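What follows is the residue order along each chain.
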Amino acid sequence: MAEIKVDPDKLDFLAGELAGLKAEFAGLGQRIDDYESAVGHRKLADELHSTATNWSKKRTQLLADLEELAHLAEHAAQHYRCLDAEVAASIRRVSDPG
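Nothing here was measured: the structure is a model prediction, and the numbers come from that model. (Residues numbered from 1 in each chain as written. Predicted model: local features only at pLDDT ≥ 70, side-chain atom pairs only at ≥ 80, totals over all residues. Heavy atoms only, no water.)

(A) Quick peek at the confidence of the model for the protein. Averaged over every residue, the pLDDT of the protein is 84; residues scoring 70 or more account for 88%. Model confidence for the protein, summarised as mean pLDDT per element, is weakest for helix H2 (residues 28-38) at 63 and strongest for helix H1 (residues 8-26) at 92. (pLDDT = per-residue confidence, 0-100. Helix = DSSP H or I, 4+ residues; strand = E, 2+ residues; numbered from the N terminus.)

(B) Seen up close, helix H3 (residues 42-95). Between its first and last C-alpha atoms H3 spans 76 Å; for 54 residues at 1.5 Å apiece the expected length is 80 Å, and the two agree. The largest bend in H3 is about 30 degrees, located at Lys58. Of all the residues in H3, the buried ones are Ala45, Ala52, Arg59, Leu63, Leu66, Ala70, Ala73 and Ala77. (Expected span 1.5 Å × (residues − 1). Bend = angle between axes of the 7 residues up to and from the residue. Buried < 20%, exposed > 50% of the residue type's maximum accessible area, 1.4 Å probe, protein only.)

(C) Highlighting a nonpolar patch on the surface. Together, Ile4, Val6, Tyr80, Leu83, Val87 and Ile91 make up an exposed nonpolar region whose accessible area comes to about 560 Å². Relative to the helices and strands, Ile4 is located in the segment before H1. By relative accessible area, which is 70% here, Ile4 ends up exposed. (Patch = residues over 30% accessible without salt bridge, like charges linked within 9 Å, V, L, I, M, F, W, Y side chains within 5 Å. Areas by Shrake-Rupley, 256 points an atom, 1.4 Å probe, with all protein chains shown as cover. Salt bridge = Lys/Arg side-chain N within 4 Å of Asp/Glu carboxyl O.)

(D) Spotlight on H1. Between its terminal C-alpha atoms H1 stretches 27 Å, which fits the 27 Å expected from 19 residues at 1.5 Å a residue. By the burial criterion, the buried members of H1 are Pro8, Leu11, Ala15 and Leu18. The buried side chains of H1 occupy one side of the element, clustering within an arc of 70 degrees when seen end-on. The exposed set on the far side of H1, more than 90 degrees from its buried face, consists of Asp9, Lys10, Phe13 and Ala23. With a side-chain oxygen lying 2.9 Å from the backbone nitrogen of Asp9, the N-terminal cap of H1 falls on Asp7. (Arc of directions from axis to C-beta. Polar contact = N/O pair within 3.5 Å; in protein donor to acceptor, adjacent residues only side chain to side chain.)

(E) Just the pattern of salt bridges, in detail. Using the criterion set out here, one finds four salt bridges in the structure. For Glu3, the salt bridge is made with Lys5, and the minimal N-O distance between the two is 3.5 Å. Classification of Lys5 by relative accessible area gives exposed; the value is 70%. One salt bridge connects Arg81 with Asp9, and the closest N-O pair in it is separated by 2.6 Å. With a gap of 72 residues between them, Arg81 in helix H3 and Asp9 in helix H1 connect regions that are remote in the sequence. In this structure Asp9 comes out as exposed when scored by relative accessible area, which is 53%. Here the salt bridges share partners, and the residues they tie into one network are Asp9, Asp12 and Arg81.

This is how it looks when you write it as structure tokens:
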């Protein structure tokens, strides 16, 4: 039988990293607007604006996906901790039925 090892702390860390990525991606729209005025060349600024507009359409879905993945990782960590506690309690009951 295959051995499965899960580290709930790493799942919690992953959830935090995913939430951080979501925050980074959420702030990109404002950053692109800030850069647009700094590029100095109108055609380049127009291309940057076009890219940002297209990106913002996809960014909405990406943000939702990152939030869902963070949520899943967090809940998986909680469930593995509960499962571990239940298995440990069962082993104690079998080992010491008194």
